[in-house]
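Coordinate inspection notes
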Amino acid sequence: MCGRFIQCSDPQTYADAFDLAWLAASAAEVRPRYNIAPSQSILVIRVGTDGKRRLDPVRWGLVPAWSSGPDNRYSMINARAETLAEWPAYRTAFRERRCLIPTEGFYEWRTECASRQPYLIRRTDRRPFAMAGLWEHWAGTAQSGPITSVTIIVTAANAAIAPVHDRMPVVLNPAHHADWLDPAKRDTAALHDLLQSAPAADWTLEPVSRRVNHARDDDPGLIEPLTADSIK
């Protein structure tokens, strides 16, 4: 699964990297984030009614439109690529409400010397990339208000990531971004073909501070690689 990731680029970097026309998020919502946890607000790329790409803040952890509301016991932060067309919580969104989640890296953990060591997984060129996601809108109640939410699609890990975890986010090829975002494309078989593991050669894994374990910690020091001597 993908349980923590980062969004630390400035909005213009995302606009240039992903051909965005509108940055709907406020300044507070586009501050650098180094330790995003489930249920927090994240930035996603969607296509607006004008057909242009926009950057929007949404809740991480899908809340289906037909549900009674957020349930932290079943947060739905990840959706398995293999079963999107089968699960009631995902299949309509898979056809109609797809998005991209921009990021510079995500964390996974490996047990080492009886403790869990976090690793930051990034592209070797350090460029932002886009994870595939699905979004939903829950009408809410008079007390809660509406919620727009998202889940990150995961698939089998590539050979670079497999030693740490057996799953990884689907990282879409930029050539496929337009098809993935287009709500008019509803051939789920063709869409499923886009959900492949990213090539292993493009990725690096670096051990980082165990402070990542604490969602309250969110600073640039979290993404600094540890040296061999500092891993205990």
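Here, every reference points to the structure presented above.
Described in the following lines is the structure provided in the data block. Keep in mind that what you see is a predicted model, and the values were worked out from it rather than measured.

**Details of the overall build of the chain**
What the chain contains, in helices and strands, is four helices and 13 strands. Computed over C-alpha atoms, the radius of gyration of the chain comes to 17 Å, within 12% of the 17 Å expected from 2.2 N^0.38 for 232 residues, which places it in the range of a compact globule. With the C-alpha coordinates of the chain rotated into their principal frame, the extents come out at 50 × 40 × 35 Å. Buried positions account for 48% of the 232 residues belonging to the chain. Of the roughly 10900 Å² of accessible surface on the chain, 51% is carried by carbon and sulfur atoms. Charge-centre separation for the chain: the mean point of 27 positive side chains lies 4 Å from the mean point of 27 negative side chains.

**Focus on helix 2 (residues 88-96)**
Of the positions making up helix 2, those classed as buried are A89, Y90, A93 and F94. Seen along its axis, helix 2 keeps its buried residues to an arc of 110°; they face one direction.

**Quick notes on the pattern of salt bridges**
Taken as a whole, this structure holds 14 salt bridges when the rule is applied. A salt bridge links R46 to D56, with the shortest nitrogen-to-oxygen separation between them at 3.0 Å. Of the two residues, R46 sits in strand 4 (residues 41-47) while D56 sits in strand 5 (residues 53-60), which places them ten residues apart along the sequence. Residue R46 is classed as buried on the basis of its relative accessible area, which comes to 15%. D56 sits in the buried class, given a relative accessible area of 3%. Here D179 makes a salt bridge to K185, at a shortest N to O gap of 3.7 Å.

**Thoughts on the packing of aromatic side chains**
One pass over the structure, following the stated rule, counts seven aromatic pairs. Judged by centre distance (6.4 Å) and plane angle (55°), the rings of F106 and W203 are tilted. Here the residue F106 occupies a position in strand 8 (residues 105-112), and W203 occupies one in strand 13 (residues 203-207), the gap between them amounting to 97 residues. Residue F106 is classed as buried on the basis of its relative accessible area, which comes to 0%. A centroid spacing of 4.9 Å and a plane angle of 90° characterise the contact between F129 and W203, whose relative ring orientation is edge-to-face. Here F129, found in strand 10 (residues 129-138), pairs with W203, found in strand 13; they are 74 residues apart in sequence, far enough to count as distant. Like F129, the residue W203 is buried in the burial classification.

Reading the values: the criteria
Residues numbered from 1 in each chain as written. Predicted model: local features only at pLDDT ≥ 70, side-chain atom pairs only at ≥ 80, totals over all residues. Heavy atoms only, no water. Helix = DSSP H or I, 4+ residues; strand = E, 2+ residues; numbered from the N terminus. Rg over C-alpha atoms; globule rule 2.2 N^0.38 Å. Buried < 20%, exposed > 50% of the residue type's maximum accessible area, 1.4 Å probe, protein only. Areas by Shrake-Rupley, 256 points an atom, 1.4 Å probe, with all protein chains shown as cover. Lys, Arg positive; Asp, Glu negative; His and termini not counted. Charge placed at Lys NZ, Arg CZ, Asp CG, Glu CD. Arc of directions from axis to C-beta. Salt bridge = Lys/Arg side-chain N within 4 Å of Asp/Glu carboxyl O. Phe/Tyr/Trp six-rings, centres within 6.5 Å; stacked < 30°, edge-to-face > 60°.

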